[in-house]
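# Observations on the model geometry
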Amino acid sequence: MASLVWVAVEAAFFDLDKTVIAQASMVAFGRPFYREGLISRRHIVRAIYGQLVYMHLGASEQKLARIRESVLRLTRGWDQARVRTIVRETLEDVIEPLVSEEASELIAEHRAAGHKVFIVSASPEEIVAPLAEYLGVDEAIASRARIDEHGRYTGEMAFYAYGPFKADAMRELAARDGIDLGGSYAYSDSYTDAPMLEAVGHPVAVNPDRVLLKLARERGWEVRNFAHPVPLRRERRVPTPPPGPTAAVSAAVAMAGLTWALVWWRARLRRPPEPPPRLISRPAVFVRRRLQGLSGWRARGASS
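Residues take numbers from 1 onward in each chain, read along the sequence in its written order. Side-chain atom pairs in this predicted model are given and counted only at pLDDT of 80 or more, local residue features only at pLDDT of at least 70, and totals for whole chains, interfaces and linings cover all residues. For side-chain calculations, the full set of non-hydrogen atoms in the structure is used, while hydrogens and water are omitted.

Bringing the overall build of the protein chain into the picture now. Within the protein chain, the regular secondary structure consists of 12 helices and 7 strands. Remark: exposure states derive from per-residue accessible area (1.4 Å probe, protein chains only) relative to the maximum for the residue type, with buried under 20%, exposed over 50%, and partly exposed in between. Buried positions account for 38% of the 304 residues belonging to the protein chain. For the protein chain, the share of sequence-separated contacts (at least 6 apart) that also reach a separation of at least 24 residues comes to 64%. Accessible area of the protein chain: about 18,400 Å², with a carbon and sulfur share of 56%. By definition, any uninterrupted DSSP run of H or I lasting at least four residues is a helix, any uninterrupted run of E lasting at least two residues is a strand, and each is numbered from the N terminus. Working rule for contacts: check all heavy atoms of both residues, and any pair within 4.5 Å makes them a contact. Calculation of accessible area relied on Shrake-Rupley with a 1.4 Å probe; when residues are assessed, cover is drawn exclusively from the protein chains displayed.

Let us now look at the packing of aromatic side chains. Stacked, tilted and edge-to-face pairs are distinguished by plane angle, under 30 degrees for stacked and over 60 for edge-to-face with tilted covering the rest, among Phe, Tyr and Trp rings (Trp via its six-membered ring) whose centres lie within 6.5 Å. Taken as a whole and judged by the stated rule, the model has 5 aromatic pairs. Between F13 and F118 the ring centres are 5.1 Å apart and the planes differ by 15°, which places this aromatic pair in the stacked class. On the criterion of sequence distance, the pair formed by F13 in strand 1 (residues 11-15) and F118 in strand 2 (residues 116-124) is long-range, its members being 105 residues apart. For F13, a relative accessible area of 0% corresponds to the buried category. On the basis of relative accessible area, F118 is assigned to the buried category, the value being 1%. Pairing F33 with W78 gives two aromatic rings, centres 5.5 Å apart and planes at 70°, and the pair type is edge-to-face. Residue F33 is located in helix 2 (residues 30-35), and its partner W78 is located in the loop between helix 4 (61-75) and helix 5 (80-95); the two are separated by 45 residues in the primary sequence. Members of the aromatic cluster, joined through ring pairs, are F29, F33 and W78.

Another point: the pattern of salt bridges. For this document, the term salt bridge refers to a Lys or Arg side-chain nitrogen within 4 Å of an Asp or Glu carboxyl oxygen. Overall, the coordinates contain 13 salt bridges when judged by the stated rule. Taking the shortest distance from any N to any O, the salt bridge between R88 and E133 comes out at 3.7 Å. Here the residue R88 occupies a position in helix 5, and E133 occupies one in helix 7 (residues 125-135), the gap between them amounting to 45 residues. Take R88 and E133: they sit in the same class, and that class is exposed. The residue K214 makes a salt bridge to E218 at a minimum N-O spacing of 2.6 Å.

This paragraph deals with the sheet that holds strand 2. Any two strands with at least two DSSP bridges between them are considered paired. One open sheet holds the 7 strands; their spatial order is 4-3-2-1-5-6-7, and the pairing between them is mixed. The open sheet is flanked by strand 4 (153-159) and strand 7 (222-224), the only strands paired with a single partner. With strand direction ignored, the average angle separating the axes of adjacent strands in the sheet is 25°. The sheet contact formed by strand 1 and strand 2 spans 5 bridges and is parallel. Bridge pairing in strand 2 places F14 opposite I119. To define axes, lines are fitted to C-alpha atoms, for helices over the stretch in contact only, and angles between the resulting N-to-C directions are given on a 0 to 180 degree scale. Along the sheet, helix 6 (residues 101-112) contacts strand 1, strand 2, strand 5 (185-188) and strand 7; its crossing angle with strand 1, the most-contacted strand, is approximately 160°.

To continue, consider the pairing of strand 1. Counting buried residues along strand 1, 5 of its 5 residues qualify, which places the element largely inside the surrounding structure. Across the two faces of strand 1 the burial is the same, with A11, F13 and D15 and A12 and F14 all buried. Looking at chain direction, strand 1 and strand 5 are connected through 3 bridges and run parallel. By the bridge assignment, F13 is partnered in strand 5 with A186.

Residue placement: Y162 occurs in the loop between strand 4 and helix 8 (164-177). Spatially, the C-alpha atom of Y162 lies 5.4 Å from that of A122, the residues being 40 residues apart in sequence.

Here we take up unusual backbone geometry. The phi dihedral of K18 falls on the positive side, at around 70°, and the residue is not glycine. With respect to the element layout, K18 can be found in the loop between strand 1 and helix 1 (25-28).

To continue, consider the nonpolar core. One broad rule of soluble globular proteins: the nonpolar side chains tend to lie buried together. Among the buried residues, those of types Ala, Val, Leu, Ile, Met, Phe, Trp, Tyr and Cys that are joined through side-chain atoms within 4.5 Å form a nonpolar core. Grouped together as the largest cluster of nonpolar side chains are 37 residues, with contacts concentrated most on F14, V20, F29, F33, I95 and I119. Counting residues per element, the ones that place at least two in this core are strand 1, helix 5, helix 6, strand 2, helix 7 and strand 6 (202-206). Ignoring any residue separated from it by four or fewer positions in sequence, one finds F29 in contact with V87, T90, L91, V94, I95 and I127. Counting residues in hydrophobic clusters, the runner-up holds 24 residues, among them F13, I141, A186 and V200.

Further remarks concern helix 5. Think of it this way: the bend at a residue is just the angle between two axes, each fitted to seven residues, one set ending at that residue and the other starting at it. Maximum bend of helix 5: about 45°, positioned at E89. What helix 5 keeps buried is the set Q80, V83, I86, V87, T90, L91, V94 and I95. Next to the buried residues of helix 5 lie helix 1, helix 2, helix 7, strand 3 (139-147) and strand 4.

Bringing the packing of helix 5 against helix 7 into the picture now. Close contact between helix 5 and helix 7 brings their axes to 9 Å; oriented N to C, the two are set at 40°. Comparing the axis directions of helix 5 and helix 7 gives the class oblique. As for the relative orientation of helix 5 and helix 7, their crossing is right-handed in sense. Of the residues in helix 7, those touching helix 5 at Q80, V83, R84, V87, R88, L91, E92 and I95 are E125, E126, I127, P130, L131, E133 and Y134. Along the lines of polarity and charge, the residues of the contact of helix 5 with helix 7 split into 8 nonpolar, 1 polar and 6 charged. Roughly parallel covers angles under 35 degrees, roughly antiparallel covers those over 145, roughly perpendicular covers 65 to 115, and oblique covers all other angles. Handedness of each helix crossing follows the sense of rotation of the near helix against the far helix: counterclockwise by less than a right angle gives left-handed, clockwise gives right-handed. Polarity classes work like this: nonpolar for Ala, Val, Leu, Ile, Met, Phe, Trp, Tyr, Cys and Pro, charged for Asp, Glu, Lys and Arg, and polar for all others, with Gly in that last group.

Here it is in C-alpha cells:
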C-alpha cells in the first residue's frame, strides 16, 4: 500500500499600503466617502497631510496608534453595508491607477509557481477583502471593527492586523492550510511589519522606511523598490491612458500646497497693510543737494 506523502505549501504575504498600492487605502477612498457624506473636506486635508508625512518620514507606533484612534472615532455610527457598497462600486476607479506594476508582476509570478498569495493589511476588511479579490489573490488578513446590532460601527476594534498580530494571523493560516513559512515570502515597507517579515524564510523590504532599511541591511534581507503604478486594464486590453508614476503623490503635494497657501493668504488679509517704503532715487538726491547748495550760495551773495 502506497504511503501518502505530505507536501508543504509555500505562500507569499503582501502588505497593502505603499507596497501593493502607492497610497494609503483609506486616503484613496477619501473622495467616494466624501461624495457620500461620510467625511468632510477637513478630514480629506488632514488625511492628505498624514499621507505626506507617512510617505516621506515614516510613521512611529505612536503616530499609527493616534491615526487608528482617530479613524475609529470618525467611523463610529457608519453603516457597514453602506461602506461595503461604496467600496465595491468605486473600487476599480480608485485602485486602478495606484497598483504597483512590480507588485502585480510578483503576484502573478507567485501564483504561477503554485504559491498561495495573501494580502495582509491593517486597513479595514471592508476595503482589503474586495481589493484582494480584485487583485486575484487567495485571501486577505485585515483589521475588523466591532459592529452593533444595527450593523453600525461601534468605534472599537475586534481585531487589529498590525505588528505582531499580523505574524500571529499568518501562523494561524499556515497551520490551517499546511503552509511552510520557512519557504514562504513576505513583502512590506514599514518597520512595524518586522514581525511579519521575520515569520517567513524570504523577507523582502519594499520601499522601506529608514528603520526598516537599516534592519534589512543588518540582516541581509532583500530590498526592492516598487515605483511604477500600472492600470490593470492594460492587461485586459481595455484602452486607457496610464497615469504618470507619481500622479498620486503629485496630487497630494498640490492639495497640501494649496491648503497651506490659502491659510497663509487668510492670515495675511487679517494683518493691517504695511505702509510702502519711501523710495528716493539717486538722481533725486543729487538734484536736492544741488538746490540746497545753490540756495546757500545766494544767501552768502546777498549778505556780502
